[in-house]
Structure formats: structure tokens, C-alpha cells
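An overview of the molecular structure
One letter stands for each residue in the lines below.
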Amino acid sequence: MDPFSLSGRVACVTGASSGIGRAIASGLARAGASVVGVARREAELVDWAKDVEREDGRAAVCVADLMDLPGLEATAARIAEHLGAPDILVNAAGVNLREPAEKVSLESWRTTLDLNLSVPFFLAQALVPAMRAKGWGRVVNIASLQSERAFPNGIAYGASKGGVAQLTRAMAEAWSADGVACNALAPGFFPTELTAPVFADPDVAGRNAARTCIGRNGELSDLIGPTIFLVSPASDYVTGQVLYVDGGFTAK
């Protein structure tokens, strides 16, 4: 058996309409998983699903506003209607408003903490019982360089991503004994909608690249292999970990 095979697995990826979520959703489909993409933007989701199907993959779309926290159980039920109860959940939806500390409002704080921290927990809480019943499952959260480092204009985002690192460990403690491994990816600097302000300035992008051990910023394809590892049988004895995919940024 190929320990990295996802054949026969059903994956749910939030934030699949763009950026990291879309790249991961496509990568899991290419590795053999049937993938349900979840996001608010229907046109972008449909476009993603068509791309997957053109490569002979299996995809379904679930249009949902994940910020409707009381509605997450109903969203989880709709996710399972498409391809069956997911074996894999990748919580890739997120937001970074980039506000200085003195400008953070209660509304923007709640938006950041809810989408980046509350949604991954409550969606997992709704989907994990089916994984536990099968005795196998995977949850992957998206952490950040700011899970352990402070960046300018990142107080709310950093708080949420620091929380994601601890949430991942707590999820592992709660569910791993029943076969559900819970880990997180912490990307470095990758070109996405959220990081567009960073990459729009060549000097800033260049300085970030120079701070890595490898000497370049990330490409979305760099995230696929680590994700497949964390959601496949290859990682059966790995749980509660935060894997930094940052070109060595945090090593320097």
C-alpha cells in the first residue's frame, strides 16, 4: 500500500475558492481524494471544481458563510451530503486585516478570531464524530509565522494564529486516541490574496525571501507535499504538531 495514497478518502477544504485553500484542495484531488471545497464565493468555487474535473479528479462545492457560527452544524451536514462524511478536514479559510494595535476595533477583532480560530474548532467538532466512528481521520489547521513571531500590524491575526497552534495541540489530545490525528501547517510568505500587500512591494518581498534559509519566498505548490503527508497514512504516528513550511524563515 502506498502510505501517501488518498484513494477512497473524502476531504473537505475550507477557503477553497482561492490561495492556499484552492492549492491544497486541488493537490488533494490530484493525490486521489474526493474533495468538497467550501467558501462564500460560488463562481470561484465552481471554477476550482471544473479545474479538478478537467484533471479527472472528483470535486464538489459547498457555498457557505463560515462566519455563521451557529449554522456550522448545518454546514457540516451539507458538506457530508455531497461525497459522504469527510475523512479529512483542512481548515484553510482565514483573514488578515493588518491593523495597527490602536486601530483594532471590537468588530475587526471578533471577525479575525472567529474565522481564524473559532471556525476551525466548531467545524471540526461537527465533522470529527464521523471520523471517530470510522476509527480514522485527519484535521489540518493553518497556523502562521505569527503563531510564534510578532509582525507589525498583526496583533489580532497573531493572537488568532497563536491560538491555532494551541488549538491544534488540544485537538490532538482530545481526538487522537480515537484515530483522528490533528496537525497544523504554518506557511511562510506565499503569494495569495491575503499577502497581496506584501508582494506588491518588491523590496519587502525581497527582504522576506532573504530571511529564509532557501533564499526565496514560497510557491503554492510547496504546500502540497507537506499537506499530503499530514492527511495520509504516512503520518499515522504524527499528531499535535505545527509544521513550518517557510523555507527556513523561522530557523534563522
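Residues numbered from 1 in each chain as written. Predicted model: local features only at pLDDT ≥ 70, side-chain atom pairs only at ≥ 80, totals over all residues. Heavy atoms only, no water.

Spatially, seven strands are ordered E3-E2-E1-E4-E5-E6-E7 in an open sheet, and the strand pairing comes out parallel. Among the strands making up the open sheet, the edge pair consists of strand E3 (58–63) and strand E7 (242–245). Strand-to-strand twist in this sheet, taken as the mean axis angle between neighbours without regard to direction, amounts to 20 degrees. Summarising the sheet, strand E6 (residues 180–187) and E7 pair through four bridges and their orientation is parallel. If you follow Ala 186 over to E7, its bridge partner there is Tyr 244. Those strands touched by helix H3 (residues 72–83) are strand E1 (10–14), strand E2 (34–39) and E3, and its axis lies near 155 degrees from that of E3. (Pairing = 2+ DSSP bridges. Helix = DSSP H or I, 4+ residues; strand = E, 2+ residues; numbered from the N terminus. Axes fitted to C-alpha atoms, helices over the stretch in contact; angles between N-to-C directions. Contact = heavy atoms within 4.5 Å.)

Within this structure, the stated rule accounts for two cavities of 30 Å³ or more. Here the largest cavity is characterised by a volume of approximately 50 Å³. Lining the largest cavity, in full, are Asn 96, Leu 97, Arg 98, Glu 99, Thr 112, Asn 153, Gly 154, Ile 155, Ala 156 and Tyr 157. Considering each element in turn, the lining of the largest cavity owes the most residues, three residues, to helix H5 (residues 155–175). The class makeup of the residues in the lining of the largest cavity is four nonpolar, four polar and two charged. Considering the residues around the second largest cavity, the lining is formed by Asn 91, Ala 93, Asn 116, Pro 120, Asn 141, Ile 142, Lys 161 and Val 164. Sorting the residues of the lining of the second largest cavity by element identifies helix H4 (106–134), strand E5 (137–142) and H5 as the ones contributing at least two each. Taken together, the residues of the lining of the second largest cavity break down into four nonpolar, three polar and one charged. (1 Å grid on protein atoms, 1.4 Å probe; cavity = no way out; pocket = protein on both sides within 12 Å on 5 of 7 lines; lining within 4 Å. Points joined across faces, edges and corners; volume = space filled by probe spheres on them. Nonpolar A, V, L, I, M, F, W, Y, C, P; charged D, E, K, R; others polar.)

Okay, the pairing of E6 next. Burial runs high along E6: eight of the eight residues are buried. Residues of E6 alternate between two faces, with Val 180, Cys 182, Ala 184 and Ala 186 on one and Ala 181, Asn 183, Leu 185 and Pro 187 on the opposite face, all of them buried. (Buried < 20%, exposed > 50% of the residue type's maximum accessible area, 1.4 Å probe, protein only.)

Inspection of the secondary structure assignment puts Thr 227 in helix H8 (residues 224–231). Judged by its relative accessible area of 1%, Thr 227 falls in the buried class. Setting aside its immediate chain neighbours within four residues, Thr 227 contacts Ile 24, Leu 28 and Leu 185.

The computed volume of the largest pocket comes to approximately 1100 Å³. If you trace the largest pocket, you find 47 residues lining it, with Gly 94, Val 95, Asn 96, Thr 192 and Leu 194 closest to the centre. Those elements giving two or more residues to the lining of the largest pocket turn out to be helix H1 (19–30), E2, H4, H5, helix H6 (196–199) and helix H7 (202–210). The dominant element in the lining of the largest pocket, judged by the number of residues it contributes, is H1, at three residues. Considering only residue class, the lining of the largest pocket consists of 24 nonpolar, 16 polar and seven charged.

Attention now moves to the environment of Asp 178. Tracing the backbone shows Asp 178 in the loop between H5 and E6. According to the relative accessible area criterion, Asp 178 is partly exposed, its value standing at 31%. A C-alpha to C-alpha distance of 36 Å links Asp 178 and Arg 54, two positions 124 residues apart in sequence. Not counting the four nearest positions on each side in its chain, Asp 178 is found in contact with Arg 132, Gly 135 and Trp 136. One polar contact links Asp 178 to Arg 132, side chain to side chain, over a distance of 2.7 Å. (Polar contact = N/O pair within 3.5 Å; in protein donor to acceptor, adjacent residues only side chain to side chain.)

What follows concerns the packing of H1 against helix H2 (residues 42–54). Where H1 meets H2, the axes come as close as 10 Å, and the angle between the chain directions of the two elements is 30 degrees. As the angle between them shows, H1 and H2 are arranged roughly parallel. The element H1 and its partner H2 pack so that their crossing is right-handed. Counting all contacts with H1, which are made through Arg 22, Ala 25, Ser 26 and Ala 29, the residues of H2 involved are Glu 44, Asp 47, Trp 48, Asp 51 and Val 52. In terms of residue class, the contact of H1 with H2 is built from four nonpolar, one polar and four charged. (Parallel < 35°, antiparallel > 145°, perpendicular 65-115°, else oblique. Left-handed = near helix turned anticlockwise from the far one by under 90°.)

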